[in-house]
Structure formats: C-alpha cells, structure tokens
Amino acid sequence: MIIISGSTFNISETIDEYPENSVERQLLEQMSKSEETYRYDTLEQLKFELSLRREIVDASRALNRSGLKFAVFHETKCNPEYWDRTSNGGFRLKSGVKPSDAIRDIFENGRQYATECATAMVIVYYGALLEVFPEKTFNRLFPSIYLMNWHRLDSLLREVGTPKRVADILLGDRCYFRNPEVNPKTPELQGENVIVLPNGLYYGHGMGIANADQIIRALNANRKEGATQSAYFMDDSAARPNFKRLAEASQSAAVRPAVLHWRPFPQPISG
Amino acid sequence: MDSGNSNDRSYLDQIRIYEGAEKCRAALNEAFRKDVRLTVNLLNDRRLIFPCLYILREQIEALHIQRYLSPRNMIAIRIANQIRGSEASGTDYLSSRRDLVYPVLKWIVETGCDEEIPEDDYEKILDVTISVLINIYRDEDILPLVADLIFKRNRNGRYIHDLVWALFRVHDPRVLKLIAERIRSLNVKDAELAAELLNIDETDTPADKGDHDGRYVGYLHWLEENEPYLYFTEESFQYASKPAFSAVDMERKYIQKGCPSYDKQSSPPSDGDAGENLTVFKQLSDKEQKILSEYSKKIHDKSVSTWKEWLREPVSKQIKTAKARLEGDK
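As the structure is a prediction and not an experimental result, all values here were calculated from the model.

Parameters and conventions
- Residues numbered from 1 in each chain as written.
- Chains lettered and ligands numbered in written order.
- Predicted model: local features only at pLDDT ≥ 70, side-chain atom pairs only at ≥ 80, totals over all residues.
- Heavy atoms only, no water.
- Core = buried A, V, L, I, M, F, W, Y, C linked by side-chain atoms within 4.5 Å.
- Buried < 20%, exposed > 50% of the residue type's maximum accessible area, 1.4 Å probe, protein only.
- Helix = DSSP H or I, 4+ residues; strand = E, 2+ residues; numbered from the N terminus.
- Contact = heavy atoms within 4.5 Å.
- Pairing = 2+ DSSP bridges.
- 1 Å grid on protein atoms, 1.4 Å probe; cavity = no way out; pocket = protein on both sides within 12 Å on 5 of 7 lines; lining within 4 Å.
- Points joined across faces, edges and corners; volume = space filled by probe spheres on them.
- Nonpolar A, V, L, I, M, F, W, Y, C, P; charged D, E, K, R; others polar.
- Buried area = accessible area lost by both parts, 1.4 Å probe.
- Salt bridge = Lys/Arg side-chain N within 4 Å of Asp/Glu carboxyl O.
- Domains from an automatic or database assignment.
- pLDDT = per-residue confidence, 0-100.
- Phe/Tyr/Trp six-rings, centres within 6.5 Å; stacked < 30°, edge-to-face > 60°.
- Lys NZ or Arg CZ within 6 Å of the ring centre and 35° of its normal.

Asker: Teacher, can you tell me more about the nonpolar core here?
Answerer: Across soluble globular proteins, you tend to see nonpolar side chains buried next to one another. A:Trp83, A:Phe142, B:Ile79 and B:Ile130 are the most contacted members of the largest nonpolar core, which has 178 residues in total. With 11 residues, the single largest contributor to this core is helix H4 (residues 117-132) of chain A. Those residues in contact with A:Phe142 that lie beyond four places of it in its chain are A:Pro99, A:Tyr126, A:Leu129, A:Phe133, A:Asp154, A:Leu156 and A:Leu246.

Asker: Please clarify how the sheet that holds strand S5 (residues 83-85) of chain A should be interpreted in this entry.
Answerer: All names here are of chain A. Spatially, S5-S6-S8 is the arrangement adopted by the 3 strands of the open sheet, whose pairing is antiparallel. At either margin of the open sheet sits one strand with a lone partner, and together these are S5 and strand S8 (146-147). In terms of strand pairing, S5 meets strand S6 (residues 91-93) through 3 bridges, oriented antiparallel. Directly across from Trp83, in S6, lies its bridge partner Leu93.

Asker: Any chance you could explain empty space enclosed by the protein here in plain terms?
Answerer: To locate leftover empty space, one rolls a probe as large as a water molecule over the atoms. Under the criterion given, the structure shown has 4 cavities of 30 Å³ or more. Split into classes, the residues belonging to the lining of the largest cavity amount to 4 nonpolar, 5 polar and 3 charged. Within this model, the second largest cavity holds a volume of roughly 90 Å³. Its residues assigned to classes, the lining of the second largest cavity shows 5 nonpolar, 3 polar and 3 charged.

Asker: Hey, could you run me through the environment of B:Arg215 in this one?
Answerer: Within the secondary structure, B:Arg215 sits in helix H12 (residues 212-226). Once the C-alpha coordinates of B:Arg215 and B:Ala195 are considered, the two residues, 20 residues apart in sequence, prove to be 9.9 Å apart.

Asker: Could you clarify how one ought to interpret the pairing of strand S11 (residues 191-197) of chain A in this entry?
Answerer: On a regular strand, one side chain projects to one face of the sheet and the next to the other, so that they alternate. Residues and elements named next belong to chain A. Most of S11 sits out of view: 7 of its 7 residues are buried. Where strand S10 (residues 174-178) meets S11, 5 bridges bridge the pair, whose relative direction is antiparallel. Residue pairing for S11: Arg178 is matched across the bridge by Gly191. As paired strands, S11 and strand S12 (residues 201-204) are joined by 3 bridges and run antiparallel to one another. Within the sheet, the bridge partner assigned to Ile195 lies in S12 and is Tyr203. Connecting S11 to the next strand, S12, in antiparallel fashion are 3 residues, including Asn199 with a positive phi near 60°.

Asker: Sorry if this is basic, but what is going on with the interface of chain A and chain B here?
Answerer: Many analyses report the size of an interface as the accessible area lost when the parts associate. Facing the 37 residues of chain A at the interface are 34 residues of chain B. Counting the surface lost from both chain A and chain B, the interface buries some 2,800 Å², and carbon and sulfur atoms represent 48% of this. Looking only at chain A, the three residues that lose the most surface to chain B are A:His74, A:Pro184 and A:Lys185, adding up to 26% of its buried area. Among the ionic pairs, A:Glu75 bridges to B:Lys124, the shortest N-O distance being 2.7 Å.

Asker: Would you explain the sheet that holds strand S2 (residues 7-8) of chain A in this entry?
Answerer: The strands that make up a sheet pair up through hydrogen bonds in the backbone, lying either parallel or antiparallel. Residues and elements named next belong to chain A. Spatial ordering of the open sheet is given by S2-S1-S3, a layout of 3 strands whose pairing is mixed. The open sheet has two edge strands with one neighbour each: S2 and strand S3 (38-40). In this structure, strand S1 (residues 2-4) lies alongside S3, joined through 3 bridges in parallel fashion. Bridge pairing in S3 places Ile2 opposite Tyr38.

Asker: Where do I start with the domain arrangement of chain B in this structure?
Answerer: Residue and element names in this part refer to chain B. Split into domains, chain B comes out as domain 1 (1-116), domain 2 (140-248) and domain 3 (272-330). Distance between the C-alpha centres of domain 1 and domain 2: 33 Å. With 6 residues of domain 1 in contact, the opposing surface of domain 2 contributes 6 residues. Between domain 1 and domain 2 the total buried area reaches about 560 Å² when both faces are included, carbon and sulfur atoms providing 61% of it. If you sort the residues of domain 1 by the area they bury against domain 2, Lys106, Cys113 and Glu116 come out on top, with a joint share of 72%. Arg153 is paired through a salt bridge with Glu116; the nearest N and O atoms lie 2.5 Å apart. Classifying every residue of the side of domain 1 that touches domain 2 gives 2 nonpolar, no polar and 4 charged.

Asker: I keep staring at the confidence of the model for chain A and nothing clicks. Help me out?
Answerer: It should be kept in mind that the predicted coordinates are not to be read in detail where pLDDT is low. When pLDDT is averaged along chain A, the result is 93, and 93% of the positions lie at 70 or above. Confidence over residues 253-271 of chain A falls short of pLDDT 50; this stretch has 27 contacts with residues more than four positions distant or in other chains.

Asker: Got a minute to help me understand the pairing of S12(A) in this structure?
Answerer: Residue and element names in this part refer to chain A. Two elements, S12 and strand S13 (residues 208-211), share 4 bridges in a ladder whose sense is antiparallel. In the strand pairing of S13, Tyr203 is matched with Ile209. Between S12 and the antiparallel strand that follows it, S13, lie 3 residues; Gly206 among them carries a positive phi value of about 100°.

Asker: Sorry if this is basic, but what is going on with helix H10 (residues 173-180) of chain B here?
Answerer: All names here are of chain B. Counted residue by residue, H10 has 6 buried out of 8 residues, so it is predominantly covered. Of all the positions in H10, only Pro173, Val175, Leu176, Leu178, Ile179 and Ala180 are classed as buried. For H10, the secondary structure elements touched by its buried residues are helix H8 (143-155), helix H9 (161-168), helix H11 (188-197), H12, strand S1 (230-232) and strand S2 (246-248).

Asker: Can you walk me through the packing of aromatic side chains in this structure?
Answerer: Ring pairs (aromatic) are described by centroid distance and by the angle formed between their planes. Taken as a whole and judged by the stated rule, the model has 23 aromatic pairs over all chains. Each ring, one from B:Tyr54 and one from B:Tyr122, has its centre 4.9 Å from the other, and the planes form 75°; the classification is edge-to-face. Taken together, the residues B:Tyr54 in helix H4 (residues 50-62) and B:Tyr122 in helix H7 (residues 120-135) connect sequence positions 68 residues apart. The same class applies to B:Tyr54 as to B:Tyr122, namely buried. Taking the centre distance of 6.1 Å and the plane angle of 75° together, the rings of B:Tyr254 and B:Trp310 count as edge-to-face. With a gap of 56 residues between them, B:Tyr254 in helix H13 (residues 250-254) and B:Trp310 in helix H16 (residues 304-312) connect regions that are remote in the sequence. Overall, the relative accessible area of 4% leaves B:Trp310 in the buried class. A cation sits over an aromatic face here: A:Lys244 above A:Tyr40, 5.5 Å from the ring centre.

Put into structure tokens, the structure is as follows:
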C-alpha cells in the first residue's frame with residue numbers, strides 16, 4: 001500500500017505517466033499491492049524515488065557495458081586523470097576535478113578501471129544520481145567522492161551501506177548473495193553485491209547481468225573442498241538510499257554549506 | 001634499524017635490513033657471478049625469512065636457480081606465484097590440506113607479518129595465506145599475529161578487509177578479546193578500529209571518555225555476561241559499512257539457554273507458557289527484546305525459581321516488570 005500525506009494513494013492517478021513495462025510502473029504496481037506500507041509526504045517524493053530507482057537500474061546496465069574490470073582491492077586500478085588510487089585500493093577524487101566528470105569517466109572509459117563488487121554498487125549510485133540531479137547540483141552535493149566498497153560513504157548515501165530487513169525486494173534495491181563456504185583462497189567471492197533489475201535479473205560486478213541461479217552457480221563453483229552449503233540469496237534484506245533525504249537535498253539550495261565539505265584524506269599542510 | 005643479534009639473521013637478511021632491498025638483490029647477483037653454490041647456500045640458509053625471499057623472487061627466476069632451492073623456499077615461491085596468479089604449473093597448494101605445505105604457509109605468516117612490505121602483491125600473499133591457514137588448517141595459533149597485522153596496517157592506511165574477514169571466520173570469542181586489547185591503545189586509530197570491529201556501541205560498554213582501561217574492562221565484563229549467547233554473524237565489510245561481526249542471541253538469553261556453539265542456531269523448543277511467550281518475544285522490537293533478555297538473565301542469576309515464575313507471566317507483564325526494575329536499578 002502507498003500512503004501519501006496520510007491517505008491511501010490510488011496508483012491509477014499517475015501510472016499512465018509511465019510506459020508499459022517501465023521500471024516505474026512495475027514499482028508502483030508492486031508497492032501498491034504490497035502488505036507493507038510505503039509512506040510519502042508528497043507525490044513528488046514518490047516520483048523522485050521512482051525516477052532514482054529507474055536510474056539505478058539503468059546505471060547498472062550502463063556500468064555492465066562500460067568494460068569496468070573486476071579486481072580485488074590489492075589490484076584495483078583507476079584513471080589517474082580523475083582519481084587517486086589510495087593505499088588501501090580505494091579511489092579518491094583528484095583535487096581540482098569535477099565530480100561529475102570523474103564519475104562519467106568510469107562509465108565511458110570503464111576499461112581503465114578495475115575494482116570489486118561493492119565499489120561497483122557505489123559507482124552505480126553516483127551514476128544514477130548524476131542522471132537525476134542537474135550537474136551543478138550533483139557537484140555541489142558530492143564535492144569529494146571516495147570509492148572503496150561501503151567504507152567512508154558520503155553522508156547522503158550512508159544507508160546504501162546498511163542492509164535492513166525488508167518486506168519486499170524492489171527494483172533498484174541493493175541485495176546480497178552469500179557464499180558461506182567460500183574457498184579461502186578467493187575471499188572476494190564470499191558473496192556478491194547486486195542491484196535488482198527487472199525480469200528476475202541482477203547486476204553484480206564480475207558476474208554481469210544474470211539470474212539468481214546463475215549467480216549461485218558461479219559462487220558455488222568457488223567453494224572450499226568438501227563444502228555442503230550452497231550460496232544463497234538473502235531475500236529478507238536490502239539496502240536502499242534515503243530517497244526522501246536525497247529529494248530534499250536536491251531542492252535545498254544551501255543544503256551543504258562549505259564547512260561541511262569534508263575530504264576523507266586532507267592534503268598535507270605544506271611549508 | 002633492527003637491534004637484534006645479527007647472528008640470528010641470514011646474510012641476505014642482514015643486507016636487506018641494514019642496506020635495503022636493492023643492495024640485497026645486488027648482493028645476490030654478485031654472489032651468483034662468483035659462485036653458484038654459494039648463492040644457493042645463501043638462499044637456503046634456514047634463518048632466511050619470507051620478506052627476503054619475496055624481494056629476491058624475480059632474481060631467483062631470472063638466474064634460473066629455483067630448482068636448487070630448499071623445499072621450503074621452492075614451495076613458498078610457488079605459493080606466492082599461485083596467489084599472484086602467475087603459477088602455471090597447475091598444482092593447487094591452497095585448496096586442501098597438504099602436510100608438506102602447512103609448515104611453509106606457517107613460515108610465510110610467522111616471518112612475513114613481522115616485517116610487512118607495504119606492497120599490494122606482498123599483502124595479498126599474506127592475506128590469502130592467513131585465510132587458508134585459518135579456514136583450511138584451522139590454525140588458531142596465528143590469531144594474535146593476524147590481529148597485530150590488522151592494526152598495524154590500519155595505522156598505515158593499508159587494506160585490512162580480507163584479514164578482518166579471515167579473523168572472524170574462527171568463530172571464537174578469543175578473537176574479540178584480542179581486538180578488545182586495542183581499546184586501551186593510546187593510538188586513536190587502534191582504539192577506533194577496535195570499537196568498530198567489536199560493534200561496541202551495541203554493547204553496554206561505557207562511552208569512550210578518555211578512560212580507555214575502564215572501557216576495556218567494561219567490554220570484557222559485557223563479554224563475560226553475554227558469551228553463552230554469543231554467535232558470529234558472517235557479516236563483513238563486503239556486505240555492510242558497519243558489519244556486526246558478532247551478536248547476542250536475544251531469544252536464547254531470554255529463555256536462558258546458551259548456544260551450543262558460536263554459530264546462530266534456532267532456539268530449542270519450550271513447552272507451555274514459556275513456549276508461547278517465546279513466540280510473542282520474537283515479534284517484539286529489538287529494544288524490547290534487549291530489555292527482556294537482560295532482565296531475564298538478571299533474575300535467573302539471583303533465583304531460578306523466581307525466574308521460572310516470571311517466565312510464565314504474559315510478555316506484556318514481563319516487559320512492564322523488567323522496565324520498572326531496570327529503571328529502578330539505574
């Protein structure tokens with residue numbers, strides 16, 4: 001059920017704004033039929049979430065096409081024109097570079113980058129937000145980007161790093177396949193972070209776009225000798241951005257005063 | 001500069017430590033030019049440690065002297081190459097137990113952790129070797145070394161997530177105690193990482209107000225109280241930004257039946273009122289579950305007969321009593 005400003009929302013009021021089989025339409029149908037209550041203050045808030053979820057789905061497909069390679073943190077690489085590779089394998093936005101240009105470069109020149117599955121999820125979120133927000137707003141909201149799995153997430157995105165119990169798995173959710181008996185020589189395959197796509201598919205970096213059986217098969221192929229427990233999809237939890245806070249942030253002109261522009265690794269003081 | 005007895009170190013290690021890796025490589029080349037047998041003896045010195053073998057591996061290959069290496073050194077180089085993805089022999093040294101391989105893995109970790117080289121390749125070799133020793137050989141003697149390595153790397157901003165994952169795969173509260181030692185550290189990075197790995201905000205440990213020893217003692221007290229209900233979750237930094245590596249099984253604490261192991265296992269069935277109450281308990285919020293389970297332990301410790309009576313009361317009444325008493329205690 002969808003509630004807007006305290007009243008049940010009839011999706012027929014807005015569903016025709018979206019094409020047949022579109023992500024937004026599927027979301028509206030699933031949320032309205034659900035026993036879970038999805039609450040919004042305004043219709044715009046709901047529409048913002050639908051748009052961002054669609055962009056998360058599209059950004060997943062785009063990142064999959066980009067040629068971004070899979071690498072463990074000890075072997076990550078990035079385009080040094082836009083990013084500094086940190087000593088723990090993360091990517092820090094280079095000083096003087098526009099955040100929007102740096103994120104776009106990953107999607108356009110993916111072959112120059114290599115990282116593991118969780119960092120790819122964070123890149124998907126930034127790619128999606130770059131489509132939803134005007135470039136100027138994006139650069140104002142995310143002046144310092146640090147990409148390293150769920151570590152040191154921007155405060156506007158911190159919820160994507162904390163999966164919670166959910167009643168429904170929705171398109172654009174970040175979910176997880178766990179591989180409890182992974183081969184210890186490949187700890188990177190202890191699980192797979194994925195974005196939920198339409199038609200029972202998932203995007204997981206390194207796995208590509210695949211269904212649950214294919215992902216589980218791939219993880220099971222990397223278990224330790226004598227393993228008896230299969231990899232599995234954690235179907236009761238998902239991580240979602242705080243859509244309402246992102247919607248508000250995009251509208252607030254002074255949402256992030258300069259004093260809040262933090263950098264994870266300050267430049268050393270010279271002289 | 002190392003102040004240890006230089007007789008405890010191999011000739012090549014002495015050069016590496018006091019004059020640097022380049023000089024060490026040059027010394028090997030020079031020795032090879034003069035006398036191949038001497039070169040092999042220098043490499044096969046039993047005192048040689050893994051960091052030295054690591055920095056010389058390319059020279060060894062270039063000079064084609066691998067076949068003269070001692071079994072320990074030969075296997076170590078093959079393990080390193082397998083981890084680095086450059087071993088084409090097809091032999092898998094890491095997926096199953098092998099009597100000949102185990103002491104070599106152990107040697108790599110024991111001598112390799114002490115003098116870690118801040119290079120991705122080297123760190124990856126240690127990460128995977130540690131993971132294999134813990135997961136396949138169930139070697140728990142290396143746990144203190146691994147904990148040290150995690151905190152050392154963290155201080156230097158190096159990658160620790162795979163080491164943390166491996167350490168928590170042991171499913172033993174000894175790991176928590178090893179980490180808890182660092183709560184007392186005067187190094188802020190150590191204390192912060194320890195608090196993060198222990199998920200200390202979810203325990204009843206007092207907040208950090210500069211009294212590191214007090215916080216440490218508080219955590220150990222909490223651990224002692226909760227150990228019977230403790231389990232390891234399998235969460236990791238790959239899954240979440242603030243993983244809960246271990247947690248308290250509230251249901252088991254509520255019915256005062258400890259976990260038979262440190263893995264999450266469903267609670268044993270209870271009969272009658274207690275069984276019905278457990279069903280209701282599962283529907284409660286996390287906060288209410290915490291209050292009830294804590295109170296349950298408290299009265300159980302004081303009087304088992306009083307506890308049995310309390311457990312038969314309706315859950316709503318239990319909550320009321322627990323809240324009032326716990327509030328009164330404060």
